[in-house]
Each structure stands twice: as structure tokens, then as C-alpha cells.
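Results of the structural survey
Residue strings, one per chain:
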Amino acid sequence: MKLVVFGWGNVSRGDDGIGPLLLSRIEQADWEEALLIEDYQLQLEHALDLDGAELALFIDAGTGTPAPFSFREIFSRQGMTHTSHALVPESVLAVFYQVTGKTPPPAFLLCVRGEDFELGAGLSLEGAARLEQAWDFLQSLREKPAPDSWRASRLPKS
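Source: prediction; values computed, not measured.

A separate point is the side chain of Glu73. Relative to the elements of secondary structure, Glu73 occurs in strand β4 (residues 69-74). Within the structure, Glu73 has its side chain in polar contact with the side chain of Arg151 (distance 2.7 Å). In this view, Glu73 contacts Pro106, Ala107, Phe108 and Arg151; residues no more than four positions away in its chain are not counted.

Let us look at a nonpolar patch on the surface. Together, Val11, Leu21 and Leu123 make up an exposed nonpolar region whose accessible area comes to about 230 Å². Inspection of the secondary structure puts Leu123 in the loop between β5 (107-113) and α3 (125-143). According to the relative accessible area criterion, Leu123 is partly exposed, its value standing at 37%.

Attention now moves to unusual backbone geometry. Omega for the peptide link from Ala67 to Pro68 comes to 0°, which places this bond in the cis form. Within the secondary structure layout, Pro68 lies in the loop between β3 (55-62) and β4. Phi at Asp30 takes a positive value of approximately 60°, unusual for a residue other than glycine.

Judged by nonpolar contacts, the single largest core of 24 residues is most densely connected at Leu22, Leu57, Leu110 and Leu138. Every element with two or more residues in this core is listed here: β1 (3-8), α1 (18-28), β3, β4, β5 and α3. Those residues in contact with Leu110 that lie beyond four places of it in its chain are Leu22, Leu57, Phe58, Ile59, Asp60, Phe69, Ser70, Phe71, Ala134, Phe137 and Leu138. Membership of the second largest hydrophobic core comes to 19 residues, among which are Val4, Trp8, Phe58 and Leu93.

On to the packing of aromatic side chains, then. For the structure shown, the criterion picks out eight aromatic pairs. An angle of 5° between the planes, with centres 5.4 Å apart, marks the rings of Phe71 and Phe108 as stacked. Here Phe71, found in strand β4, pairs with Phe108, found in strand β5; they are 37 residues apart in sequence, far enough to count as distant. On the numbers, 5.0 Å between centres and 65° between planes, the contact of Phe71 with Phe137 is edge-to-face. Of this pair, Phe71 sits in strand β4 while Phe137 sits in helix α3; the two residues are 66 residues apart in sequence, bridging distant segments of the chain. For the pair Phe71 and Phe137, a shared accessibility class is recorded, and that class is buried. Here the aromatic cluster, defined as three or more aromatic residues joined through ring pairs, consists of Phe69, Phe71, Phe108, Phe137 and Trp150.

Here we take up helix α2 (residues 89-100). Helix length check: α2, at twelve residues, gives a terminal C-alpha distance of 17 Å against a target of 16 Å (1.5 Å per residue), a fit within 8%. Residues of α2 that are buried: Pro89, Glu90, Ser91, Val92, Leu93, Ala94, Val95 and Phe96. Of the surrounding secondary structure, the elements contacted by the buried residues of α2 are β1, β3, β4 and β5.

Moving on: the pattern of salt bridges. Evaluation of the coordinates by the stated rule reveals eight salt bridges. A salt bridge links Asp51 to Lys102, with the nearest nitrogen and oxygen atoms 2.6 Å apart. Separated by 51 residues along the polypeptide, Asp51 in the loop between β2 (34-39) and β3 and Lys102 in the loop between α2 and β5 bring together distant segments of the chain. With a closest N to O distance of 2.7 Å, Glu115 and Arg130 form a salt bridge. With Glu115 in the loop between β5 and α3 and Arg130 in helix α3, the pair connects residues that are 15 residues apart, well separated along the chain. Given the relative accessible area of 38%, Glu115 is considered partly exposed. Salt bridges sharing common partners tie together Glu73, Asp148 and Arg151.

About the thresholds
Residues numbered from 1 in each chain as written. Predicted model: local features only at pLDDT ≥ 70, side-chain atom pairs only at ≥ 80, totals over all residues. Heavy atoms only, no water. Helix = DSSP H or I, 4+ residues; strand = E, 2+ residues; numbered from the N terminus. Polar contact = N/O pair within 3.5 Å; in protein donor to acceptor, adjacent residues only side chain to side chain. Contact = heavy atoms within 4.5 Å. Patch = residues over 30% accessible without salt bridge, like charges linked within 9 Å, V, L, I, M, F, W, Y side chains within 5 Å. Areas by Shrake-Rupley, 256 points an atom, 1.4 Å probe, with all protein chains shown as cover. Salt bridge = Lys/Arg side-chain N within 4 Å of Asp/Glu carboxyl O. Buried < 20%, exposed > 50% of the residue type's maximum accessible area, 1.4 Å probe, protein only. Core = buried A, V, L, I, M, F, W, Y, C linked by side-chain atoms within 4.5 Å. Phe/Tyr/Trp six-rings, centres within 6.5 Å; stacked < 30°, edge-to-face > 60°. Expected span 1.5 Å × (residues − 1).

The structure is reproduced here in C-alpha cells:
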């Protein structure tokens, strides 16, 4: 199954780097079936990375996210954010449809709760612990990379 994994954020901004850090772990674990895409933020061009994918995973850090993380299926949603250079994953799916005329692949969002997003901050203790929990969860997703399996995934107790 062709899987596309997006990890975005800025490692120079503390917990904002959780997405790229998890993406780096996926790369080190050699998920051969996955196309890995890292950036500071999602952009219009990322829609084209979904072409031919059978499954997509978006990984980010958030401030209002339930601890330790949330995981949910996401769907195409029209309407851009305030700029075309910073999109939410649902908008990337919508752009994919607009550009290709094809239904986007099943897509999921893993958002890890962060605490400190200040420029120059390191990963917070809470962020580091939640990154580990998210990594364990990602291992379970890798075992069964299929939309129905991912929909049935259970989150750890916080």
C-alpha cells in the first residue's frame, strides 16, 4: 500500500518540532512503503504528493490537542486559511481534488499535544514524553497500514 506521511513544524520552536522528529524516526525505522515529506508548514504543492497514494498520514503538534495526542480520520474541506502558504491538512485534500479531479486517499491526522513553542526552546519534558507515546502508537499503525485498521485504532489512556 502506498502511504504518504507528512510531518511539519519547526524544530527550532520547541514542541513544534514533534512532527519532523517523528518523521525522522519513521525514516530511521525504514518504513519502505512510505513516502516521507517534511516541511515547516503545509502548502498548496503538497497536494500533488498525494497522487497515487492509497493512504495518507499527517503528523503535527498542537497546543489545544488532548494529551498525549489525538488521532482521527480527516476529510477534504473547502476554504483556505488566511494565506495559501499555510494550509490545514483538510485543505490539502481539497486542493488535491481541485487539481486532479480525483478523490483524495483516506487520510488521518496524528496531532501531539505540545507545551512550549517558543523560538530557541528545546523539546519540553511533556513534549518528549508524548512524542514517545505517539511513536509507540505509530508502530501499531505500521503493523496494519489500512484505512479500516486505522479507523479502529484505540488511543492510549492519558
